[in-house]
Amino acid sequence: MIGLSVAVSLAATGALAQDACASLDKGNLYIGQVLTQAQQQQLMAAAPLGTLHCGRTGCWAQAQDGVNYRWGRDGRIVGKKVEMSAPVSLPGWRGEIDQAFADRLGQATCSSFTVFEDELDGGRSMKSAPQSTAQGQTIVASLFGRGTEDDPLTIEMLAVEQ
């Protein structure tokens, strides 16, 4: 199980970062970090079967820390994805994505989240307002899934182009 980290604080863009803000960020690498060619090769070689995907814009690979990292052709990490089958460590998680969860998670992370209804499967997803990481990178976080073994809660963080 992946626990919630408070080492990296996220705050809404333009607001002062607070030490008490929880973070959705996980993993050993950070968005905006530039990987050397050797680091990229190491990530690709260590990725479990079926977790490496490369295309013309870059690659996704699952690392040994359990995080899926996305990097561009220039080696810069532009996204992260974490799947949680038991997201009980998230502030306010009560078994589903709803406005109450969005409000509690937003309060804990010093951000705001908008809940969206999925018309195809009746589920819900959430998206954060742009946030600034401790390294100064602006990101947007999306959460989707039901938090079960069959449909884990997925937290996807993507860099916002500036």
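Structure's up top.
Model, not experiment: these values are computed from the prediction.

### With respect to the pattern of salt bridges
Thinking step 1. All chains considered together, the criterion is met by 4 salt bridges.
Thinking step 2. Between Arg-146 and Asp-151 there is a salt bridge whose closest N-O contact spans 3.8 Å.
Thinking step 3. Put simply, Glu-96, Glu-117 and Arg-124 are held in one network by salt bridges that share partners.

### Some words on the nonpolar core
Thinking step 1. Leu-24, Trp-71, Leu-90, Phe-101, Met-126 and Leu-143 are the most contacted members of the largest nonpolar core, which has 31 residues in total.
Thinking step 2. The set of elements that each furnish at least two residues to this core consists of β3 (58–62), β4 (68–72), β5 (77–84), α2 (99–109), β9 (138–144) and β10 (153–159).

### Thoughts on the pairing of β3
Thinking step 1. Most of β3 is tucked away, with 4 of its 5 residues classed as buried.
Thinking step 2. Relative to β3, strand β2 (residues 52–54) runs antiparallel, the two being bridged by 3 bridges. Looking at the pairing, Leu-52 lines up with Ala-61 of β3.
Thinking step 3. Two successive antiparallel strands, β2 and β3, enclose a turn made up of 3 residues.
Thinking step 4. Where β3 lies against β4, 5 bridges are found, and the strand directions are antiparallel. The partner of Cys-59 across the bridge, within β4, is Trp-71.
Thinking step 5. Taken together, β3 and the strand that follows it, β4, pair antiparallel across an intervening segment of 5 residues, in which Gly-66 is found at a positive phi of about 85°.

### Some words on the environment of Leu-29
Thinking step 1. Within the fold, Leu-29 resides in the loop between β1 (11–12) and α1 (37–46).
Thinking step 2. Relative accessible area serves as the criterion here: at 17%, Leu-29 is assigned to the buried category.
Thinking step 3. With 48 residues separating them in the primary sequence, Leu-29 and Ile-77 have C-alpha atoms 8.2 Å apart.
Thinking step 4. Dropping the residues within four chain positions of it, Leu-29 is found in contact with Leu-35, Leu-43, Asp-65, Tyr-69, Ile-77 and Lys-80.

### Remarks on the state of the cysteines
Thinking step 1. Within the structure shown, the criterion is met by 2 disulfides.
Thinking step 2. Between the sulfur atoms of Cys-21 and its disulfide mate Cys-110 the distance is 1.9 Å. What sets the handedness of the Cys-21 and Cys-110 disulfide is the S-S torsion sign, and at about -95° it is left-handed. One end of the pair, Cys-21, is in the loop between β1 and α1; the other, Cys-110, is in the loop between α2 and β6 (113–117), and 89 residues separate them in sequence.
Thinking step 3. Overall, the relative accessible area of 1% leaves Cys-21 in the buried class.
Thinking step 4. Bridging Cys-54 to Cys-59, the disulfide has an S-S length of 2.0 Å. Judged by the sign of its S-S torsion, about 110°, the bond between Cys-54 and Cys-59 is right-handed.

### So, the pairing of β10
Thinking step 1. The buried fraction of β10 is high, at 6 of 7 residues.
Thinking step 2. In the sheet, β5 pairs with β10 via 6 bridges, with the strands oriented antiparallel. Within the sheet, the bridge partner assigned to Met-84 lies in β10 and is Leu-153.
Thinking step 3. Note: β9 against β10, 6 bridges, orientation antiparallel. Counted as the bridge partner of Ala-141 is Met-157 from β10.

Calculation rules
Residues numbered from 1 in each chain as written. Predicted model: local features only at pLDDT ≥ 70, side-chain atom pairs only at ≥ 80, totals over all residues. Heavy atoms only, no water. Salt bridge = Lys/Arg side-chain N within 4 Å of Asp/Glu carboxyl O. Core = buried A, V, L, I, M, F, W, Y, C linked by side-chain atoms within 4.5 Å. Buried < 20%, exposed > 50% of the residue type's maximum accessible area, 1.4 Å probe, protein only. Helix = DSSP H or I, 4+ residues; strand = E, 2+ residues; numbered from the N terminus. Pairing = 2+ DSSP bridges. Contact = heavy atoms within 4.5 Å. Disulfide = S-S within 2.5 Å.

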